[in-house]
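# Notes for the structure review
Given next are the chains, with one letter for each unit.
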Amino acid sequence: MSGENLQRERHGANLDEETFFIYDLFRMFWTRVVGLFFREIAERNAHLIPRTGPVIFVVAPHHNQFVDPVILLMHALRRVYFLVAAASMRRRFIGFYGRCLRGIPVERQQDLAKAGSGRIRVDDRYGEPTLITGVDTRFAAEIKPGMKVTLPKGVGEAKVVEVLSDTQLRVAKEMKELAAMELLTRAEGTSFKVVPHVDQDEMYHSVYERLNNGECIGIFPEGGSHDRTEMLPLKAGATIMALGATAANPELGLKIVPTGLNYFHPSKFRSRAVIDFGQPIDIPPELVEKYRKGGAAKREACDELLRVVSEGLKQVTLNTPDYETLKMVQAGRRLYQPTQHSLTMAQQVELTRRFIKGYNVYRDLPEVKELRDRIEDYNLQLRYYGIRDHQVETMRIGRTEAGALFVWRLLWLLIMGLVALPGTVLNLPVFIVTGVVSKSKARAALAASTVKVRARDVIATWKILIALGLVPLLYTTYSILAVLFVRRAPSWAANMAAGFDDWSSSRIYLWSWALAAFMSYTALVFGEQAVDIVKSVRPLFLTLILGEEHTELLARQREELSDDITDLVNELGPKIYPEFSNTRVPADLLLGDGKKTHDNIINGSADAFHRKMREGEQALRQRMGGSSGNLRQDAEDASSSSLSASGMRQRRPSKYSFSPPTPRTMATLNSISPLEFLTSVAPPQSAPSAPSAQRPTSDSPDCEEAVVEPTNGEAKGAAPTAVARTSAGQQQQQYQGGSPATTGQTTPEPRNGMFDFS
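Here is what the cut-offs are and how they apply
Residues numbered from 1 in each chain as written. Predicted model: local features only at pLDDT ≥ 70, side-chain atom pairs only at ≥ 80, totals over all residues. Heavy atoms only, no water. Helix = DSSP H or I, 4+ residues; strand = E, 2+ residues; numbered from the N terminus. Buried < 20%, exposed > 50% of the residue type's maximum accessible area, 1.4 Å probe, protein only. Contact = heavy atoms within 4.5 Å. Areas by Shrake-Rupley, 256 points an atom, 1.4 Å probe, with all protein chains shown as cover. 1 Å grid on protein atoms, 1.4 Å probe; cavity = no way out; pocket = protein on both sides within 12 Å on 5 of 7 lines; lining within 4 Å. Points joined across faces, edges and corners; volume = space filled by probe spheres on them. Axes fitted to C-alpha atoms, helices over the stretch in contact; angles between N-to-C directions. Parallel < 35°, antiparallel > 145°, perpendicular 65-115°, else oblique. Salt bridge = Lys/Arg side-chain N within 4 Å of Asp/Glu carboxyl O. Expected span 1.5 Å × (residues − 1). Bend = angle between axes of the 7 residues up to and from the residue. Pairing = 2+ DSSP bridges. Phe/Tyr/Trp six-rings, centres within 6.5 Å; stacked < 30°, edge-to-face > 60°. Lys NZ or Arg CZ within 6 Å of the ring centre and 35° of its normal.

We now examine the overall build of the protein chain. Scanning the protein chain for helices and strands turns up 25 helices and 15 strands. Looking at the protein chain as a whole, 48% of its 758 residues qualify as buried. Across the protein chain, contacts joining residues at least 24 apart in sequence account for 81% of those joining residues at least 6 apart. Surface summary for the protein chain: the accessible area is close to 36100 Å², and the carbon and sulfur share equals 57%.

Spelled out as structure tokens, the structure:
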């Protein structure tokens, strides 16, 4: 490192120690608040973040408005200063916190857009498509060259190059989008907005100053938050900052770190999230030279670096064209049988990412289409029964054992419900107000946006902000009421209040505040566990009502579907990932530096009670160990344990045979998301044949599915369709016949490579 850089970093360190106390204080406050909102926040590859020198964190997708920056602050290990919309900085509370966290305001053109007078249209679409004609417009007074005109819902925009009169102007290029031309060619025209030109020199100067001081900048290149399943087109601001700063200071040593945010229901209280850091990107010197030339060379350099950044983000994010595809891929990932018995949240996200890539390449194969239809049928049956995939295996027990577990969990539910009830009642106004206000804000955001689907991205932010103000106010009100109750106790409560006669009002107030906080804590701990128990009771109830014979059919269907998906993935895996057949990937490598996921005292207390309940269930199962269902499960567990001990899993001979992908297919694959191939650490070893065993699913029992909420309501109450696709006799043969017959010598192979996390 040069002496100049070293001196700059020392200066930055001294500056941090002297003036950044407020930043650190507010950072600690917000990370604790957001950590309370989420049940778990996991990170991958935080060890890749450079410990010194300037860094630009490019974060996507922007699914959770003001919550996203805080999650980065939790795991970035360094101080990060975000670019914040100037419109947000002008708000009273958000602007205050943004300034305390040293945010850099960015004036966005869409925030300054104003409705134009009259309506506009194109009279000669083919002769003069750039000539805009106005009806009752005032172009000369409202528009100047360099401004933009935008159409409703963002279907088109164009830069104004010349204002001819109050009713005519010329734009730089034709608005060719079909939706835009439909509006502009109407006889009555269309409404429009005028977007002024924004000078960003001051913002770029602030960014360059921070980077030259060896600091870190955070930016969301999509330009705004949204709730889509795919990333929005990236804006070039981050690349201009990186190339501009490096061009001005060749010794800067700037790095760009792609950062992916993946949520498990982002708007829900006590949900989960994963933050994933990609490989740092260096700024190529040849692009810096192009940037210095200006003009077309400058735009080419920015476009090339933007493409590299986009590919880096695709490696750490989940991107699907629609929610239905995402839901189908997630179901396939759950049904796949990896070597490892269970996967962490971060591993589940990585596995889903690889499934999306494989599905996009092979989606047109007949075998893939068949499995997709079977997965949709299976998901429909799960919705019909009202259960989740991981609960199917719990239904493979007899009525006696199901009844005992049902009663046992109801007892625990009663205990936890009674403990959580007082705190739940105390905080009921918070739940009601935050729900109503956040949904109202979501409707307003949806009406003002052209990219949001249901505006779920603003809900968590408003829930947190409202709770921060309402909870202290509510506890203060309860404490004042407690003081009044003791001082002016009615006759029926005189004996109760007599014990506090020697207490001062301030003492009663403080103890009441502490009691309200403690009751809220217990409600959070026990209420969370009670909700989990409620979800686990339904499969037991179905087993009691329907009987083992009926529920066994669904379990066998899942088993066959899981085996077929696993065989297909193991067949196609080597064709996408060359190291699929000879690589075993250590779990700690996939988790980066192995840092413990975000946790807090609430999670620890909840886990303790959960373990106690499970220990009691195990003891109950041992006492009832004589049932046939239990014996079968014990045999399956023993077989699975035997295979796990050797690090191997049996695999059926594949029914599929495919040719290697064509160069065109591989080009498509690389354009989707080129993942970095992990280095081989150990060659596979042969294992003796073992009987087929029931394999566990890849998910933990309480883990929910990732990312955004569905964009359309799901059908409920519909009957399952898998049975309807075949006759009754065929269905019986399918379930009772087991796996399809195979021929040839069976060669035991480990399930490893692309989807192996052992």
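Moving on: empty space enclosed by the protein. Applying the stated rule across the entire model yields three cavities of 30 Å³ or more. What the largest cavity holds in volume is close to 320 Å³. If you go around the largest cavity, you meet 20 residues; those closest to its centre are Phe355, Tyr359, Val368, Leu568 and Val569. Broken down by secondary-structure element, the contributors of at least two residues to the lining of the largest cavity are helix H12 (323-335), helix H13 (345-362), helix H14 (366-385) and helix H20 (548-576). In terms of residue count, H20 provides more of the lining of the largest cavity than any other element does, six residues in total.

This brings us to the packing of helix H19 (residues 505-546) against H20. In contact at an axis separation of 7 Å, H19 and H20 are set at 130° when each is read in the N-to-C sense. When the axis of H19 is compared with that of H20, the two are oblique. For the pair H19 and H20, contact is made by Leu542, Thr543 and Leu546 and by Glu548, His550 and Thr551, respectively.

Further remarks concern the environment of Ala158. Along the chain, Ala158 turns up in strand E9 (residues 157-163). On the accessibility criterion, Ala158 (2% relative accessible area) is buried. Counting along the chain gives 11 residues from Ala158 to Met147, while the straight-line C-alpha distance between them is 8.6 Å. If near-sequence neighbours (up to four positions away) are discounted, Ala158 is found in contact with Met147, Lys148, Val149, Val171, Lys173 and Met175.

Along the chain, the position of Leu131 falls in strand E7 (residues 131-135). In this structure Leu131 comes out as buried when scored by relative accessible area, which is 13%. Once you skip the residues sitting within four places of it in the chain, Leu131 turns out to touch Arg121, Val122, Leu164, Gln168, Leu169 and Arg170.

For the rest of this paragraph, the subject is the pattern of salt bridges. Inspection of every chain in the model, using the stated rule, returns 24 salt bridges. One salt bridge in this structure joins Lys148 and Glu157, with 3.6 Å as the shortest N-O distance. Via salt bridges that share partners, Arg39, Arg270, Glu528 and Asp532 belong to a single interconnected network.

We now examine helix H15 (residues 399-426). The first and last C-alpha atoms of H15 sit 39 Å apart over 28 residues, in line with the 40 Å expected at 1.5 Å per residue. The largest bend in H15 is about 40°, located at Ala420, with the proline Pro422 one to four residues further on. For H15, the set of buried residues is Glu401, Ala402, Gly403, Leu405, Phe406, Arg409, Trp412, Met416, Ala420, Gly423 and Leu426.

With respect to topology, seven strands assemble into an open sheet ordered E5-E11-E8-E9-E10-E7-E6, the strand pairing being antiparallel. With one partner strand each, in any of the chains shown, strand E5 (114-115) and strand E6 (119-121) form the two edges of the open sheet.

Our next topic: H14. The first and last C-alpha atoms of H14 sit 29 Å apart over 20 residues, in line with the 28 Å expected at 1.5 Å per residue. Restricting attention to buried positions, one finds in H14 the residues Val368, Leu371, Ile375, Asp377, Tyr378, Asn379, Leu380, Gln381, Leu382 and Tyr385. Following H14 by one or two positions, Gly386 adopts a phi angle in the positive range, close to 75°.

It is worth spelling out the packing of aromatic side chains at this point. Summed over the entire model, instances satisfying the criterion amount to 20 aromatic pairs. On the numbers, 5.2 Å between centres and 75° between planes, the contact of Phe37 with Phe38 is edge-to-face. Classification of Phe37 as buried rests on a relative accessible area of 5%. Its relative accessible area of 0% is what places Phe38 among the buried residues. Relative to Trp513, the ring of Tyr475 has its centre 5.1 Å away and its plane inclined at 80°; by these criteria the two rings are edge-to-face. Taken together, the residues Tyr475 in helix H17 (residues 459-487) and Trp513 in helix H19 connect sequence positions 38 residues apart. Among the aromatic residues, those joined into a cluster by ring pairs are Phe26, Phe29, Trp30, Phe96 and Tyr97. Here the guanidinium or amino end of Arg210 rests over the ring plane of Tyr81, the centre of that ring lying 5.2 Å away. A cation over an aromatic ring shows up here: Lys441 above the ring of Trp462, its NZ or CZ 4.5 Å from the ring centre.

What follows concerns the pairing of E9. Note that strand E8 (residues 148-150) and E9 share three bridges and pair antiparallel. Counterpart to Thr150 in the pairing with E9 is Glu157. Pairing between E9 and strand E10 (residues 168-171): three bridges, direction antiparallel. Bridge pairing in E10 links Glu162 to Arg170. In textbook terms, the turn of a hairpin is the stretch between consecutive antiparallel strands, and for E9 and E10 this stretch comprises four residues.

With respect to the element layout, Thr325 can be found in helix H12. Under the relative-accessibility criterion, Thr325 is labelled buried at 9%. The contacts of Thr325, once residues within four sequence positions are left out, are Thr320 and Tyr359.

Moving on: the pairing of strand E13 (residues 255-264). A regular strand places its side chains on the two faces of the sheet in alternate fashion. Taking burial as the measure, the 10 residues of E13 include nine buried ones, the bulk of the element. Here six bridges tie strand E2 (residues 55-60) to E13, and the two strands are oriented parallel to one another. Considered in E13, the bridge of Phe57 is made with Val257. As defined by bridge partners, E13 adjoins strand E15 (residues 281-282) across two bridges and the pair is classed as antiparallel. Opposite Ile256, over in E15, you have Ile281 as the bridge partner.

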